[in-house]
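Residue-level structural notes
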Amino acid sequence: MTSITSVELNYLVFRYLQESGFMHSAFTLGYEAGINKCTIDGNLIPPGALITFVQKGLQYLEMEANLSNNDVEMDEDFSFLQPLDIITKDVNQLRQMIKEKRKNIQKDRDKDKDKGKDKDKDKDKDKDKDKDEDEDEDEDKDKDKEADQEHEGERGRVREKERHEREKEREKEREKETEKAEINKEREKQPEELADRDMVVDQEDKDAVKREENGISVGPEPMDIATTSTLATQEACEIPNSDVTVLEGHTSEVCACAWSPTGSLLASGSGDSTARIWTIANGLCKSGAQNSPLNVLVLKHVKGRTNEKSKDVTTLDWNGEGTLLATGSYDGQARIWTTNGELRTTLSKHKGPIFSLKWNKKGDYLLTGSCDKTAIVWDVKAEEWKQQFDFHTGPTLDVDWCNNVSFATSSTDHMIYVCKIGEIHPIKTFAGHKGEVNCVKWDPTGLLLASCSDDITAKIWCLKQDKYVHDLREHSKEIYAIRWSPTGPGTNNPNQPLILASASFDSTVKLWDVELGKLLYSLNGHGDPVYSVAFSPNGEYLASGSLDKSMHIWSLKEGKIVKTYTGKGGIFEVCWNKEGDKIAACFANNTLCVLDFRM
């Protein structure tokens, strides 16, 4: 008999975590189980392999529990079991449950037979009574016939009542299905109208829900509308291949990318233990692949083999001048590189993978957050750590500078701490989330802090108060990323309102009114979790990248998708260049794409 090994099971669980979007958990399992050392070819494992494997096991146990030596009519007596029962009980207990179920079914059948016999007896008595009445009272014969007919009618109504009640619910279901079918026909007739409804206004959503609750059919939910409209929109605004440059060279998934703030350099980080700096020519993109040594520098994080999982490049960031690139790796080291691809500094103190790192605006400090539950501020000039902050009780997932000396950290421990260089305690503690806090971002003025969590909420905080300013609760699944628009006071677009965008595993992006804490728009165009969002430098457009392999560019003025591109792998990150005429996206199929954007 074939049996599964612990290595094979670990790999299936690892793949399940990756496919479900639990990237931090996948990293941890991969590191501890040594997934990088196993000989399994991941390309041979189909998506959803673990779920399929478990489902087949449940079906086998269910079949085994139903089978016994004396089973004759298998099809008729087959009993379906709950998954939890199959998992928690052995075969003998399951067979006992099935036995009880069959006994109850037999009892119900016997009761129905007894009821039928009683009804037949009543009919015979009624017939005898009618006969006697006819013989004894000939003079009132016509009246008796009328009475008999009335009596039979009553009994008929009683018999019909039960059947009518049973059919009542079925009729309601049929009506609902008919209404849905009519609505779907209307939707097919009006694809153009639906194409303009990619951006669903929050108030309309709420009104629709209320009307539906009151029994009024209002058509499909926003997500259904988006599915139809996205297909219509994609045909109209798909970015042509002539406007796309595919960057090939990485040998594993590309999980991070960032444009230099001052030039035409694009950095990428991959699971192949390398980062790369690509020189992207000004002007229009050239279709096809670019992997010539002339336009790319390979920053190796390990000598020799380049597929060691412990050297995954997990995060990267350019300094404000665009002269230095910092990378964070799964080996717990931060590295600083020049634009020529030379390794300038290796920063070693963390005892676990680095999940996030950021330069401060001045460029003299680098901040890193690690799985070892700490954050470290590094003195770049001295090439040494300045201060380590160990307030969290779980891995540090994200870090972000408020100004040149203070910053925020978030963790799997549900907490957010605001820290300051030189202070041994947090200067502010924000408690309110009930799940892992995946991302923290300060607004352009440094006055408001936004956070998002696995508890399905995003929150906005202010240093002047302990409790959140706004609790944003419109998503239906975990929120993975948030971004502030480059608008409002302190930005290059001061006359436009400040907006917060949130990206979720519920496949939507939502835009929030920061002042009121209300949902402005729900952008429903993706079919899978959205991992990344980025505003254009002028604040007029928003790019979103999803595991559905597509990147959408939304016009915030028109309220719809204006451009879209579909690649060959899930998208982990999207970013704009400083001019706002090019967008980069990194994919799970080992490539990056640079897209020209012009309206």
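Report follows, based on the coordinates. (Residues numbered from 1 in each chain as written. Predicted model: local features only at pLDDT ≥ 70, side-chain atom pairs only at ≥ 80, totals over all residues. Heavy atoms only, no water.)

Within the chain one finds 10 helices and 34 strands. Buried positions account for 45% of the 599 residues belonging to the chain. In the chain, the share of contacts with a sequence separation of at least 24, taken over all contacts with a separation of at least 6, comes to 50%. Here the chain has roughly 32,500 Å² of accessible surface; of this, 49% comes from carbon and sulfur atoms. (Helix = DSSP H or I, 4+ residues; strand = E, 2+ residues; numbered from the N terminus. Buried < 20%, exposed > 50% of the residue type's maximum accessible area, 1.4 Å probe, protein only. Contact = heavy atoms within 4.5 Å. Areas by Shrake-Rupley, 256 points an atom, 1.4 Å probe, with all protein chains shown as cover.)

In a beta sheet, neighbouring strands are held together by backbone hydrogen bonds and run either parallel or antiparallel to one another. Strand order across the open sheet formed by 4 strands is β12-β13-β14-β15, with antiparallel pairing between neighbours. Two strands lie at the open edges of the sheet, namely β12 (354-359) and β15 (384-389), each paired on one side alone. With direction set aside, neighbouring strand axes in the sheet form an average angle of 20°. Here β12 pairs with strand β13 (residues 365-370) via 5 bridges, running antiparallel. Within the sheet, the bridge partner assigned to isoleucine 354 lies in β13 and is serine 370. (Pairing = 2+ DSSP bridges. Axes fitted to C-alpha atoms, helices over the stretch in contact; angles between N-to-C directions.)

Moving on to a negative patch on the surface. Judged by side-chain charge, Asp108, Asp110, Asp112 and Asp114 come together as a negatively charged surface patch. With respect to the element layout, aspartate 114 can be found in helix α6 (residues 91-136). (Patch = residues over 30% accessible without salt bridge, like charges linked within 9 Å, V, L, I, M, F, W, Y side chains within 5 Å. Salt bridge = Lys/Arg side-chain N within 4 Å of Asp/Glu carboxyl O. Lys, Arg positive; Asp, Glu negative; His and termini not counted. Charge placed at Lys NZ, Arg CZ, Asp CG, Glu CD.)

Right, let's talk about helix α3 (residues 49-66) for a bit. Between its terminal C-alpha atoms α3 stretches 26 Å, which fits the 26 Å expected from 18 residues at 1.5 Å a residue. Among all positions of α3, only Ala49, Leu50, Leu58, Glu62, Ala65 and Asn66 are buried. (Expected span 1.5 Å × (residues − 1).)

Another aspect to go through is the side chain of arginine 15. Among the structural elements, arginine 15 can be located in helix α1 (residues 6-20). A residue is classified by how much of its surface remains accessible, and arginine 15, at 14% relative accessible area, is buried. If near-sequence neighbours (up to four positions away) are discounted, arginine 15 is found in contact with Gly42, Ile45, Pro46 and Pro47.

From the geometry alone we can't say anything about function, so treat these as descriptive.
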